[in-house]
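Each chain, letter by letter, is given below.
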Amino acid sequence: MVAPFAFSVGCGAGFAGDRIDPAVALARSGQVDAIGLECLAERTIVPAIRARAANPEAGADPRLRRRLTPLLPPARQNGCKIISNLGAANPPAAGRAIAALARELDCQGMRIAAVEGDDVTGLLNHIAWTEKLDGQLIGAHAYIGADALVGPLAEGADVVVCGRAADSALFAAPLLPHLDGSPDSLAAALTIGHLLECSGQLTGGNFEGPGEPPLTAEELANLGYPLAHVMADGSAELTILDGAPGRVDRMTCTVQLLYEVHDPAAYITPDAIVDFTTVRFQQIGRNRVRMTGPTHRGVPPTLKVSGFVARRGIIADIEIGFAGTGAYERTRRAADTLRLRLSDWPETNIRIDIVGVNSILGGASVPTNALPAEARLHVSAICTDEAHALIVEDEVYALTLSGPAAGAGVRSERRARIDTLTGFIPRELVKPTVHWSVA
Amino acid sequence: MKVFEIAAGRAGDKGDALDLTIVARDEAAYEVLERTLTADAVKAALDRVAPGPVTRYPVPGLLALKFVAPQALPGGVYASLHAGLHWQKAAIWVLLEMEVEGGLGSVCK
C-alpha cells in the first residue's frame, strides 16, 4: 500500500551556524513540500539586537546570504516553502534582503512574508520573570507559535521569516493546513517539529548506540538531515534522503524526542502542551521510523519570554600547554603555581583545571592511568573589567618565563557576561504582524 | 557493567537546568536502568560537577529515563567557568559511566 502522505517537511538547519548543503539537497530532491531552518539559539539574538540598534537595516542573521543563495533557486523550482527564524532581531529587514537576493538569483515573483511581534521589550510591565532582573536588560522576546506563521503560508508566501518563535513551530506551521484539525494532530505536528528542529541530532549526529559501531567520519561529514512524511492524522514517517548516510531508528528518535523537554508528559509550546509519553516509534524500514501517538494536553495561557541581561564584568578563559616527558606533572605544578599567585581571588570567581584531564567534567571525570603526552592548564575567571582580565591573563603568560619548563601554546579569550532570564507574558498581548516583500 | 553498554543518552540545558536523557536498548536493559538509576544515585554521581537536586521522569513506553537538575548550571551555560562553551553537553557521560548490575548479556541477546 502506498501511504497517502498529506505533506512532507524537512529540516535544513538546526542552529545559526549549521551546514548549508543538507538543505540544498532536500530542496533539490523534490521530496519535501517545505524546509524549516532553525537559526536562532537563545542567545544568538543578542548580537542581532545590538546590530539593529546601530543600524535599522541590520539585526538579521548575518549568514542569510550564504545560507539562502544556493537554496532559493531549487526551492522555487520544486515549489518548496522555506520557513526560518533567521530574521533574528529584524524580520522585516530580513524579508527585504531575501526579496533582493531572490531577484539577484532570477527568482522574480517570490513572495516573502516577514513575521514580527516577538519583541516584547516594550511590554516589560506585563512580563512575570522567574527571577530577579539583575543588570541591564538588553532585550526581551516572546516565543511565538505556529499559529502566527500559518496565515502568511496560506496567503501564498514562498518564504516565511520570523525572529523568536518556538523552534518546533517552524516545522509545524506548514503542516497544519494539511492535517485533520484535531487537537492531537496539532500535538503531532509540534512533535514532528521538535524531532526535526535539531537537524543531524535525529539522523545519527551527536549519538552513539550501545555496542554498535559509530558513524564513520565520512558518514558524519555527509550526514543526511531529517525529513518527515506526514499523514492527515499527524502520524509520520521519519527518514533521510535515499543514499544519504545516517541513522534513523527508535533510539535516535527517542533521544531527540526527549531532548531538553524536562517533563516528558508536558512539552510546552506556544500552540499546545504536548504529552510525549504516549508517543510510539516503529522501525518500518532502513532509516525509516513511524511515529504515532502524541497527545494534546491543552493550551498554555502565557507565552514564554527570553530576556537577556548584560552583567557587569567579563569572563577571561586562558590556557597554557606543556609537552614532552613529564608534561602532566609540569602542568599540575603550573596549576599549583597559578593558585598561589591568584590566592586572593574568591574561589567562586575562578576555576583552574587541566584540559585533557578534568576541564569538562571536573571532579566527575573518570581518572585514567595513562599520562597524557601533552596537557593544558586552563583558567577561567570572572573579572570586573578589561584591566582586571589582563591581570589574570598576564599571570598565565608569566608562567612562560617563571613557571615550569617549556610552557607553550598560550591562548586566551574574553566573554561578555550575559545572563538569560525566563519570563511569561499573557498571550493576548503578543500580536504578530506580517510585512510582505516581493522579489 | 556500565550504563553505556546498554543505553544511549544525550545532555541538554534550559536556563539553569541540566536535562539528561537515557534510552535503553531493550526492555531488559530498561528494567535494570529503572532500578539502578534512581534520582538519588544520579544526584550523587552529578555532585562533583553539577551539584543540586535531581528529578527523575521514567518513560517506560519509550524505554527511557529523564533526569532534570534545575540548579546544575547556575546563571545558564554562558555563565560557566568551565573551559570553552557548552561543557554540559558532555555531562551525559557522568550517567553513561555509572555502574549497573551485570549479567544482562544472556537476557538481552
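Nothing here was measured: the structure is a model prediction, and the numbers come from that model. Just so you know, the residues in each chain are numbered from 1, in the order the chain's sequence is written. Starting at A for chains and at 1 for ligands, labels are handed out in the order in which the entities are written. Totals for whole chains, interfaces and linings use all residues, but because this is a predicted model, local features are given only for residues with pLDDT of at least 70 and pairs of side-chain atoms are given and counted only at 80 or more.

Draft legend 1. Highlighting the nonpolar core. Among the nonpolar cores identified, the biggest contains 147 residues, and Leu149(A) and Ile192(A) are the most heavily contacted of them. It is helix 8 (residues 183–196) of chain A that contributes the most residues to this core, 8 residues altogether. Contact criterion: two residues are in contact if their C-beta atoms, reconstructed from the backbone, are within 7 Å. With sequence-adjacent residues up to four places away left out, Ile192(A) is seen in contact with Phe171(A), Ala172(A), Leu175(A), Ala228(A), Val230(A) and Ala236(A). What makes a nonpolar core is a set of buried Ala, Val, Leu, Ile, Met, Phe, Trp, Tyr and Cys residues, with links drawn between C-beta atoms within 7 Å. Exposure in this text rests on C-beta crowding, where 20 or more other C-beta atoms within 10 Å of a residue's own make it buried, 12 or fewer make it exposed, and counts in between make it partly exposed. The C-beta atoms are placed from the backbone. Residues Ile354(A), Ala389(A), Val396(A) and Leu81(B) belong to the second largest nonpolar core, which totals 22 residues. The helix and strand labels rest on DSSP assignments: H or I over at least four residues marks a helix, E over at least two residues marks a strand, and numbering proceeds from the N terminus.

Draft legend 2. Spatial organisation of the pairing of strand 18 (residues 408–426) of chain A. Residues and elements named next belong to chain A. Only strands that DSSP links by at least two bridges are regarded as paired with each other. Bridge analysis of strand 5 (residues 128–129) against strand 18 gives 2 bridges, and the strand direction is antiparallel. Of the residues in strand 18, the one forming a bridge with Ala128 is Phe424. As paired elements, strand 15 (residues 302–323) and strand 18 share 16 bridges and run antiparallel to each other. When the bridges of strand 18 are listed, Gly307 appears paired with Leu421.

Draft legend 3. Region of the structure containing helix 11 (residues 327–341) of chain A. Residues and elements named next belong to chain A. Helix length check: helix 11, at 15 residues, gives a terminal C-alpha distance of 21 Å against a target of 21 Å (1.5 Å per residue), a fit within 8%. When helix 11 is considered as a whole, its buried residues turn out to be Ala327, Arg330, Thr331, Ala334, Ala335 and Leu338. Around the axis of helix 11, the buried residues are gathered within 145° of arc, so they sit on the same side. Those residues of helix 11 that are buried are in contact with strand 15, strand 16 (350–355), strand 17 (374–383) and helix 12 (386–402). Helix span is expected to be 1.5 Å times the residue number reduced by one. In this description, the arc belongs to the directions extending from the helix axis to the C-beta atoms.

Draft legend 4. Quick look at the interface of chain A and chain B. Listed as interface residues are 38 residues of chain A and, on the opposing side, 40 residues of chain B. At the level of secondary structure, the elements contributing two or more residues to the side of chain A that touches chain B comprise helix 10 (250–257), strand 15, strand 16, strand 17 and strand 18 of chain A. Of all the elements, strand 18 of chain A adds the most residues to the side of chain A that touches chain B, at 5 residues. Grouping the amino acids of the side of chain A that touches chain B by side-chain chemistry returns 15 nonpolar, 14 polar and 9 charged. Put simply, Ala, Val, Leu, Ile, Met, Phe, Trp, Tyr, Cys and Pro go in the nonpolar bin, Asp, Glu, Lys and Arg in the charged bin, and everything else, Gly too, in the polar bin.

Draft legend 5. The domain arrangement of chain A, seen in detail. According to the domain assignment, chain A consists of domain 1 (7–121 + 142–300 + 428–438) and domain 2 (325–405). The source of the domain bounds is an automatic or database domain assignment. Centre-to-centre separation of domain 1 of chain A and domain 2 of chain A, based on C-alpha positions: 41 Å.

Draft legend 6. Region of interest: the packing of helix 11 of chain A against helix 12 of chain A. All names here are of chain A. For helices, the fitted line uses only the C-alpha atoms of the stretch in contact; every axis is such a line through C-alpha atoms, and the angle between N-to-C directions lies from 0 to 180 degrees. The interhelical angle for the contact between helix 11 and helix 12, taken along N-to-C directions, is 135°, at an axis separation of 11 Å. The orientation of helix 11 with respect to helix 12, classified from their angle, is oblique. With respect to the hand of their crossing, helix 11 and helix 12 are arranged in right-handed fashion. Contact residues: Ala334, Thr337, Leu338 and Arg341 in helix 11; Glu395, Val396 and Leu399 in helix 12. Across the contact of helix 11 with helix 12, the residue classes tally to 4 nonpolar, 1 polar and 2 charged. Oblique is the label for every angle not falling under 35 degrees (roughly parallel), over 145 degrees (roughly antiparallel), or within 65 to 115 degrees (roughly perpendicular). By convention the crossing between two helices is left-handed if the near helix lies anticlockwise of the far one by an angle smaller than a right angle, and right-handed if it lies clockwise.

Draft legend 7. Local environment of the sheet that holds strand 11 (residues 273–275) of chain A. Residue and element names in this part refer to chain A. Read from one edge to the other, the open sheet built from 3 strands follows the order 10-11-14, with strand pairing classed as antiparallel. Strands with a single pairing partner mark the edges of an open sheet, and in this sheet they are strand 10 (267–268) and strand 14 (295–296). Both strand 10 and strand 11 contribute to a ladder of 2 bridges, which runs antiparallel. In the sheet register, Tyr267 faces strand 11, and the bridge partner there is Val274.

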